[in-house]
Amino acid sequence: MTGIRPPSSWLQRGKKIIARIEDGVLAGLLTVMIGAATAQIVLRNVWDSGLVWSDPLTKVLVLWIGLLGAMVASRHNNHIHIDVLSRFLPARAKAASEALNSLFAALVCGVIAYHAARLVLIDKEAATVAFGAVPTWVCELIIPFGFAVIGLRYAALALSDVVSLMAAKKS
C-alpha cells in the first residue's frame, strides 16, 4: 500500500495549505492597501488630484487585514490572554482554565459570526453601496467569515485541551 497517507497527514497538509492561503491573501491585501494609500498621497501632493475610491477602499482593507490578522493569530493561539489567575494555578487546573478560555472564545466568536452574517444579509437586501459599484455587504463578508474561522479554531483548541486533560487523568 504505497502512496496512501494516514488521515492525520492529510489534515496537516490541509492546515499548511490553508495557512499559506491566509498568509498570501493577507500579504496581498496589505500590498494593495499600501499601494492605494501611497498613490493617493502622491496624487494629492504632487498633482492636486486623487482617486475617489482610494480612501473607502483603504478603510475596507484595514477591516479585512485586521480580521485576517486575527485569523492568523488564532491559528497560532496568539490572541490577547488575560491570565492573572492561571499563573498561580497548578498545571492541571491551568490546563482546565485554558480549555474553558478557549471554549468561551469560541462561543463569543460564534455569536459575533452569527450576528455579523445577519448584518451582511440586511445590507445585501438594502442594496447599499460602499464605493464605486462595490456593494457594502461584499465589504462586510470578512466579519462573519473571520469570526467563524476564529471560533472554529478555538473550539478545536478547547476540544484538544479537554482530550489532553482526559488523557492526563487516565495516566
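Above this text you will find the structure in question.
Right, let's walk through the structure included here. Computed from a prediction, not measured in an experiment: that's the story for all the values here.

### Quick notes on the overall build of the protein chain
- When you go through the protein chain residue by residue, the secondary structure sums to five helices and two strands.
- The linear arrangement of helices and strands in the protein chain, starting from the amino end, is α-α-α-β-β-α-α.
- For the protein chain, whose C-alpha radius of gyration is 21 Å, the value lies well above the compact-globule estimate of 16 Å for 171 residues.
- Taken over the C-alpha atoms alone, the protein chain extends approximately 70 × 50 × 35 Å along its principal axes.
- Looking at the protein chain as a whole, 27% of its 171 residues qualify as buried.
- When the accessible area of the protein chain is evaluated, it comes to approximately 11,700 Å², of which 71% is carbon and sulfur surface.

### Brief notes about the pattern of salt bridges
- Overall, the coordinates contain four salt bridges when judged by the stated rule.
- In this structure, the salt-bridge partner of Glu22 is Arg75, at a minimum N-O distance of 3.1 Å. One end of the pair, Glu22, is in helix H1 (residues 7–47); the other, Arg75, is in helix H2 (residues 54–75), with 53 residues separating them in the sequence.
- A relative accessible area of 25% places Arg75 in the partly exposed class.

### A few points about the packing of helix H3 (residues 91–126) against helix H5 (residues 142–170)
- Where H3 meets H5, the closest approach of the two axes is 7 Å, and the angle between their N-to-C directions is 160 degrees. Between H3 and H5, the angle falls in the class roughly antiparallel. Where H3 crosses over H5, the handedness of that crossing is left-handed.
- Looking at the contact of H3 with H5 residue by residue, the classes come out as 24 nonpolar, two polar and four charged.

### Points about H3
- End to end, H3 covers 52 Å across 36 residues, agreeing with the expected 52 Å (1.5 Å per residue, within 8%).
- Ser97, Ala99, Ser102, Ala106, Cys109, Ala113, Ala116, Val120 and Asp123 are the residues of H3 that are buried.
- Buried positions along H3 lie against helix H4 (136–140) and H5.

### Some remarks on the side chain of Ser54
- If you trace the backbone, Ser54 turns up in helix H2.
- Residue classification places Ser54 among the buried residues on the basis of a relative accessible area of 0%.
- Residue contacts for Ser54: discarding those within four places in its chain leaves Ala36, Ala37 and Gln40.

### Quick look at unusual backbone geometry
- Of note in this structure, Asn77 is not a glycine but carries a positive phi near 55 degrees.
- Inspection of the secondary structure puts Asn77 in the loop between H2 and H3.
- By relative accessible area, Asn77 is classed as partly exposed at 31%.

### Details of a nonpolar patch on the surface
- A grouping of Ile17, Ile21 and Val25 is seen on the molecular surface, where their side chains present a nonpolar patch of about 260 Å² in accessible area.
- Residue position: Ile21 is located in helix H1.
- Take Ile21: its relative accessible area is 52%, and that puts it in the exposed class.

### A few points about the environment of Ile150
- Summarising the element assignment, Ile150 is placed in helix H5.
- Along the backbone, Ile150 and Ala73 are 77 residues apart, and their C-alpha atoms lie at a distance of 8.9 Å.
- Not counting residues within four places of it along the chain, the set of residues in contact with Ile150 comprises Ala70, Met71, Ser74, His79 and Cys109.

About the cut-offs
- Residues numbered from 1 in each chain as written.
- Predicted model: local features only at pLDDT ≥ 70, side-chain atom pairs only at ≥ 80, totals over all residues.
- Heavy atoms only, no water.
- Helix = DSSP H or I, 4+ residues; strand = E, 2+ residues; numbered from the N terminus.
- Rg over C-alpha atoms; globule rule 2.2 N^0.38 Å.
- Buried < 20%, exposed > 50% of the residue type's maximum accessible area, 1.4 Å probe, protein only.
- Areas by Shrake-Rupley, 256 points an atom, 1.4 Å probe, with all protein chains shown as cover.
- Salt bridge = Lys/Arg side-chain N within 4 Å of Asp/Glu carboxyl O.
- Axes fitted to C-alpha atoms, helices over the stretch in contact; angles between N-to-C directions.
- Parallel < 35°, antiparallel > 145°, perpendicular 65-115°, else oblique.
- Left-handed = near helix turned anticlockwise from the far one by under 90°.
- Nonpolar A, V, L, I, M, F, W, Y, C, P; charged D, E, K, R; others polar.
- Expected span 1.5 Å × (residues − 1).
- Contact = heavy atoms within 4.5 Å.
- Patch = residues over 30% accessible without salt bridge, like charges linked within 9 Å, V, L, I, M, F, W, Y side chains within 5 Å.

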